[in-house]
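Listed below, chain by chain, are the residues.
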Amino acid sequence: MTPAPPEAQPDARPTPPNQAPPLRELHATVALVRAFELAVAALYRDGEVPGFVHTSLGQEAVAAGVAAALRPDDYLATTHRGHGHVLAKGADVDAMMAELFGKVTGLGRGKGGSMHIADPALGILGANAIVGAGIPLIVGAALSSKQLGQDRVAVAFFGEGAVNQGSFHEAVNLAAIWNLPAIFLCENNLYAEFTDSSTMTRIGSVAERAIGGYGVHAATVDGNDAAAVHAATVDAADRCRRGEGPVLIEAMTYRWHGHYEGDGQTYKPDNEASRWRERDPLTVLRARIVAEGLGSDDELDAVERVADERIERAVTAARAAELPAGEEAYEHVFGA
Ligand SMILES: Cc1ncc(C[n+]2csc(CCOP(=O)(O)OP(=O)(O)O)c2C)c(N)n1
C-alpha cells in the first residue's frame, strides 16, 4: 500500500506576517520547471534529446521551495532527476536545454547531458547518475564551509531509494558528529525505479531513520506545497547557520511520469496518479495566491505563458547550436 497524497492543510501552520513565503516567486519557479520538463519529455519522445531523461513532473514544488530559501552562495548537489533543482538555483535556461541536446553551448559543453549538469559558480556541484553519490559530496562542501568560517549551507537532494545506500548513512553520521551545515533533502516520491519503496525497508519514514539512527533534527513536509517546503528549508538553513548541525527534510511527493521517459508505469496501482494530480503543485500554489489576494487567475496564467515562451526560446536556441567539435572529445573531461 502506498500512502495517499497529503490533505491540503492551509491553516495548519499560520505564517507570521513578517515571514510571508514568496508565493509569487515560488509560482514562477514551479511554472518554469514544469514548462522545462514538459518540453523535455516531448523532445525525448520525438528523438531530439539523446540518452536517458528522468523528469521531475509533479515534484516541482520541492525544487522551488528549497531554492527560494537558499542564498546564491549555498551549495547544492542533486541526482538523475535534478533538472528542477538546478533551474531553481538559477542555472541558465538556454545552457541547460543545450546541454540536454548535447550541444556545445550547454553547461558542460554538451558532454554531460541531463544527469551531469553542474555550475560551480552557482554552487551547483553537480547532478549525479550514481544513486546516493551526491550525499557525501555535500558533506565535504559543508565541512569546507565550517573550516573556512563561512556560513554557507550545503544541500543534497536524493530520493528515498538512496536512503538504503551506505553513502547516505556514512554521510549523515559524519555530518552529525561534526555538526556540519548540511541539509539532507529527501524527495520521497514512493518509488525507486519500478519498486514500491515501502517494500525496501521496515521503517517507512526517512525522517524517523535520521532522528533515531543519527540524532539529527528532521521534519516531514508536504512536498507538493512549495510554501511548506520553503518554510521547512528556511528553518533548516537557520539551524545550520546557527551552528546547530545538519537537518533532514523528507518531502512527500509523487512523480507523474515514469522512472525515465518511456517507462509504462505498470507497477503503479490504478487511480494513484490521478489522486496525486489533484494535488498538483501549481494548483496548490495558485489556490493559495488567489485566496490571499496576491494575484488573480489571469495574472498567474500570464506567468505560466511567460515560462512556456522562455522554454520555447531555449529549445529554438538549442536546436540551432552546434555539436561539440570532434577535436575536443578529450578536453574538459576532468575538472581542474
Ligand atoms: C549506485 C546505483 N545503484 C543503482 C542505480 C540504478 N538506479 C538508477 S535510479 C534508481 C532508483 C532511484 O530511486 P530514488 O533514489 O528513490 O530516486 P527517484 O528516481 O525516485 O527520484 C536506481 C536503482 C544507480 N544509478 N546507481
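Predicted model only: the values in this text are computed from it and were never measured.

What follows covers the sheet that holds strand S3 (residues 154–159). The sheet built from six strands is open, its strands ordered S2-S1-S3-S4-S8-S7 with parallel pairing. Across the chains shown, the open sheet's two edge strands, defined by having one partner strand only, are strand S2 (124–126) and strand S7 (217–222). Each strand of the sheet is rotated relative to its neighbour by a mean of 20 degrees, with strand direction disregarded. Here S7 runs beside strand S8 (residues 247–252); their pairing, made up of six bridges, is parallel. Directly across from aspartate 222, in S8, lies its bridge partner methionine 252. Each of strand S1 (75–77), S2, S3 and strand S4 (182–188) is contacted by helix H5 (residues 134–147), which is oriented at about 170 degrees to S3, the strand it contacts most. Along the sheet face, helix H8 (residues 226–241) touches S4, S7 and S8 and points at about 165 degrees away from the line of S7.

Mapped onto the secondary structure, threonine 78 falls in the loop between S1 and helix H3 (83–88). For threonine 78, the side chain forms a polar contact with the side chain of histidine 85, separated by 2.6 Å. Apart from the residues within four sequence positions on either side, threonine 78 is in contact with His85, Val86, Gly126, Ala127, Asn128 and Phe157.

Let us now look at the confidence of the model for the protein chain. Caution is warranted with low-pLDDT regions, since their predicted coordinates should not be read in detail. Residue-level pLDDT values for the protein chain average 94, and 94% of them are 70 or greater. Of the regions scoring below 50 in pLDDT, residues 8–14 engages in two contacts with residues more than four places distant in sequence or in other chains.

A separate point is the UniProt feature "domain: Dehydrogenase E1 component" (unreviewed entry) in the protein chain. Taking the numbering used here, the UniProt-annotated feature "domain: Dehydrogenase E1 component" (unreviewed entry) corresponds to residues 30–323. Strand forms 12% of residues 30–323 and helix 45%; the C-alpha atoms that close the span are 30 Å apart.

Turning our eyes to something else, we now look at unusual backbone geometry. Of note, the phi angle at leucine 190 is positive, near 80 degrees, even though the residue is not glycine. Along the chain, leucine 190 turns up in the loop between S4 and strand S5 (191–192). Accessibility expressed as a relative area gives 4% for leucine 190, which makes it buried. The phi dihedral of glutamate 193 is positive, around 50 degrees, even though this residue is not glycine. Tracing the sequence through the fold places glutamate 193 in the loop between S5 and strand S6 (195–196). Residue classification places glutamate 193 among the partly exposed positions, given a relative accessible area of 44%.

For the rest of this paragraph, the subject is the environment of alanine 307. Tracing the chain through its elements places alanine 307 in helix H11 (residues 297–320). Relative accessible area serves as the criterion here: at 6%, alanine 307 is assigned to the buried category. Linking alanine 307 and alanine 232, residues 75 residues apart in sequence, is a C-alpha distance of 26 Å. With residues near it in sequence (within four places) discarded, alanine 307 still touches Ala31, Leu32 and Ala35.

Taken together, 15 residues form the shell around the ligand, and within it His80, Arg81, Ala129, Gly161 and Tyr191 come nearest. Within the backbone of glutamate 160, an N or O atom sits 3.4 Å from an oxygen atom of the ligand. Separating a nitrogen atom of the ligand from a side-chain N or O atom of glutamate 193 is a distance of 3.3 Å. Protein contacts shield 74% of the accessible area of the ligand, which totals 590 Å² for the unbound molecule.

Cut-offs and rules
- Residues numbered from 1 in each chain as written.
- Predicted model: local features only at pLDDT ≥ 70, side-chain atom pairs only at ≥ 80, totals over all residues.
- Heavy atoms only, no water.
- Pairing = 2+ DSSP bridges.
- Helix = DSSP H or I, 4+ residues; strand = E, 2+ residues; numbered from the N terminus.
- Axes fitted to C-alpha atoms, helices over the stretch in contact; angles between N-to-C directions.
- Contact = heavy atoms within 4.5 Å.
- Polar contact = N/O pair within 3.5 Å; in protein donor to acceptor, adjacent residues only side chain to side chain.
- pLDDT = per-residue confidence, 0-100.
- UniProt positions renumbered as here; feature names shortened; annotations may be inferred.
- Buried < 20%, exposed > 50% of the residue type's maximum accessible area, 1.4 Å probe, protein only.
- Near = heavy atom within 4 Å.
- Areas by Shrake-Rupley, 256 points an atom, 1.4 Å probe, with all protein chains shown as cover.

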